[in-house]
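# Structural characterization, general
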2 protein chains.
Amino acid sequence: MNDLAIEPIIRQVTAILGEAQAQARTGRTRPDLSQLPTGGLARLIDHTLLRPEVTARQIEMLCLEARQWGFFSVCVNSAFVPLAVELLRETPTLVASVVGFPLGANLPHVKAYEARQALEQGAREIDMVIHIGALKGRDLLAVFEDIGDVAVVCHEHDALCKVILETSLLTPEEIVIGCQLARMAGADFVKTSTGFNEGGATVEAVALMRRVVGDSMGIKASGGIRTLASAQAMLQAGANRLGTSASVAIVSAEQGSHVSSDSASSY
Amino acid sequence: MNDLAIEPIIRQVTAILGEAQAQARTGRTRPDLSQLPTGGLARLIDHTLLRPEVTARQIEMLCLEARQWGFFSVCVNSAFVPLAVELLRETPTLVASVVGFPLGANLPHVKAYEARQALEQGAREIDMVIHIGALKGRDLLAVFEDIGDVAVVCHEHDALCKVILETSLLTPEEIVIGCQLARMAGADFVKTSTGFNEGGATVEAVALMRRVVGDSMGIKASGGIRTLASAQAMLQAGANRLGTSASVAIVSAEQGSHVSSDSASSY
């Protein structure tokens with residue numbers, strides 16, 4: 001992956017989408033999202049719980065852990081945004097909601113609608129899935145507009161828009177195209193994986209994504225990150241945010257304590 | 001499962017939701033949805049393709065197969081409803097769209113919004129996923145209202161509302177509760193599975209669902225139905241609709257031809 005010539009691909013996407021981008025409404029001065037925030041590993045982690053059978057009780061536990069360990073955010077399905085916002089009020093931990101998750105193959109405006117609902121309930125970050133099949137079919141305008149719709153709604157609410165590419169289903173060329181589309185559409189982060197389809201984050205995919213977006217965007221590695229070693233490998237490769245359900249185990253391992261990986265990841 | 005005493009559970013759900021149901025807007029004379037339609041096995045099948053990386057080209061193939069074999073519907077992600085409707089115009093095959101799929105843990109109104117978009121594009125059936133975690137946490141009103149929202153939108157568009165319970169994640173008691181909620185909320189079908197979370201349709205779950213809904217609703221078995229034998233077992237147990245991606249193999253097997261299961265299920 002890492003000897004792929006990305007410049008011709010980026011130029012081609014830019015040429016195809018140039019006019020659409022000129023009309024896009026998301027132009028704003030972007031903060032530098034490539035740096036690692038200060039405050040240790042916990043402040044890089046979106047503490048995540050997305051399984052469909054999760055109950056309010058389990059979301060309460062998630063938020064409790066997030067407060068206790070100081071995770072950057074909790075990442076939940078949109079139904080649980082109101083509960084998580086209430087539980088994390090006046091803490092440094094934000095609430096992130098997934099939208100169009102985990103398949104991404106929704107009609108136009110559906111993801112933006114779900115994002116707006118979540119943002120109005122207090123979510124401060126939105127993790128949206130692209131329409132993967134549209135990218136594979138090279139309907140770049142559809143992917144671009146879908147991302148742009150959500151990015152606009154996020155920025156109206158002073159929130160960040162993260163774009164899940166599902167890299168395990170993409171070729172290296174498609175990863176480059178997806179990153180460039182997300183950047184041109186005004187999104188803030190690109191993110192590797194949902195954790196629900198085949199495969200998760202890889203060092204190769206993260207490194208390739210960083211080559212494309214440079215310091216213009218954040219990169220979130222997610223999917224299959226269950227150990228301190230894999231978390232560190234992702235950061236080394238260029239990620240500056242991690243999505244995982246094994247957050248407590250990872251941060252405990254970093255601090256040399258002995259919470260077992262099993263117990264921390266059993267919900 | 002089949003010695004479970006369902007009457008006390010049904011009475012309890014009815015008591016809890018009675019007042020909410022009295023206010024529900026979905027009251028209409030329901031057609032008899034328990035009977036098998038005429039026209040052979042193909043007319044019982046929702047020909048299904050929901051993987052996130054599916055392209056427009058593959059949806060074209062799905063619709064071509066549906067025309068050729070006379071399947072009851074194609075079942076697609078909402079992004080592909082316009083294409084499928086166009087390709088199946090003036091054929092007996094309907095277009096069904098999934099919504100809130102496959103996790104179901106969306107904020108209120110998100111599923112109804114996606115359903116409305118799909119119906120306005122010509123979908124004639126909606127397969128929605130319940131909020132499984134809310135059922136498990138016994139927030140019955142939330143599950144009921146979520147279903148009712150979608151059922152109302154469907155009926156406004158003269159379309160059917162199918163309610164996916166994800167039976168593999170539920171206890172037998174929860175399956176009974178889910179069926180009763182779907183019935184009280186005015187939905188038309190209960191459906192076993194998304195095919196994306198653990199496990200698919202079982203004979204036991206279908207039989208239990210038929211015990212609860214009697215002849216008041218249709219039952220769609222889906223998830224893991226890949227052979228003629230399993231299709232027939234589901235119908236025997238009480239299903240009157242099948243959701244599968246192996247439709248061509250199943251119908252070919254019924255007709256004694258020799259399309260291999262592998263080739264028919266390879267997309």
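Rules used in this analysis
- Residues numbered from 1 in each chain as written.
- Chains lettered and ligands numbered in written order.
- Predicted model: local features only at pLDDT ≥ 70, side-chain atom pairs only at ≥ 80, totals over all residues.
- Heavy atoms only, no water.
- pLDDT = per-residue confidence, 0-100.
- Contact = heavy atoms within 4.5 Å.
- Pairing = 2+ DSSP bridges.
- Helix = DSSP H or I, 4+ residues; strand = E, 2+ residues; numbered from the N terminus.
- Axes fitted to C-alpha atoms, helices over the stretch in contact; angles between N-to-C directions.
- Buried area = accessible area lost by both parts, 1.4 Å probe.
- Salt bridge = Lys/Arg side-chain N within 4 Å of Asp/Glu carboxyl O.
- Polar contact = N/O pair within 3.5 Å; in protein donor to acceptor, adjacent residues only side chain to side chain.
- Least-squares fit on C-alpha atoms with pLDDT ≥ 70 in both.

### Quick word on the confidence of the model for chain A
Residue and element names in this part refer to chain A. Put simply, chain A has an average pLDDT of 92, and 92% of its residues get 70 or more. Within the model, pLDDT remains below 50 along residues 258-267, and this stretch shows 19 contacts once partners closer than five positions in the same chain are excluded. For this predicted complex, the interface confidence comes out at an ipTM of 0.92, alongside a pTM of 0.93.

### A look at the sheet that holds strand S4 (residues 125-129) of chain B
Residues and elements named next belong to chain B. The strand order around the closed barrel formed by eight strands is S1-S2-S3-S4-S5-S6-S7-S8, and the pairing between neighbours is parallel. Strand-to-strand, the axes of this sheet are offset by a mean angle of 25 degrees, without reference to chain direction. In terms of strand pairing, strand S5 (residues 160-164) meets strand S6 (residues 189-191) through three bridges, oriented parallel. By the bridge assignment for S6, Val163 is matched with Val190. Where helix H10 (residues 247-254) meets the sheet, its contacts fall on strand S1 (45-49) and strand S8 (241-244), and the angle it forms with S1 comes to roughly 145 degrees.

### Describing the interface of chain A and chain B
In this assembly, 32 residues from chain A lie in contact with 32 residues from chain B. For the chain A and chain B pair, buried surface summed over both sides reaches about 2600 Å², with 72% attributable to carbon and sulfur atoms. Across the contact surface, chain A and chain B share zero salt bridges. Inspection of the chain A/chain B interface yields 10 residue pairs in polar contact (both at pLDDT 80 or more). Those elements giving two or more residues to the side of chain A that touches chain B turn out to be helix H4 (110-120) and helix H5 (132-136) of chain A.

### A few points about the relation of the copies chain A and chain B
For these two chains of identical sequence, chain A goes onto chain B by a turn of 180 degrees and a shift of 0.0 Å along the axis, with RMSD 0.0 Å. The transformation relating the two chain copies, once decomposed into turn and shift, fits a two-fold axis. Comparing contact sets, 100% of the residues at the interface of chain A also lie at the interface in chain B, consistent with an isologous, same-surface contact.

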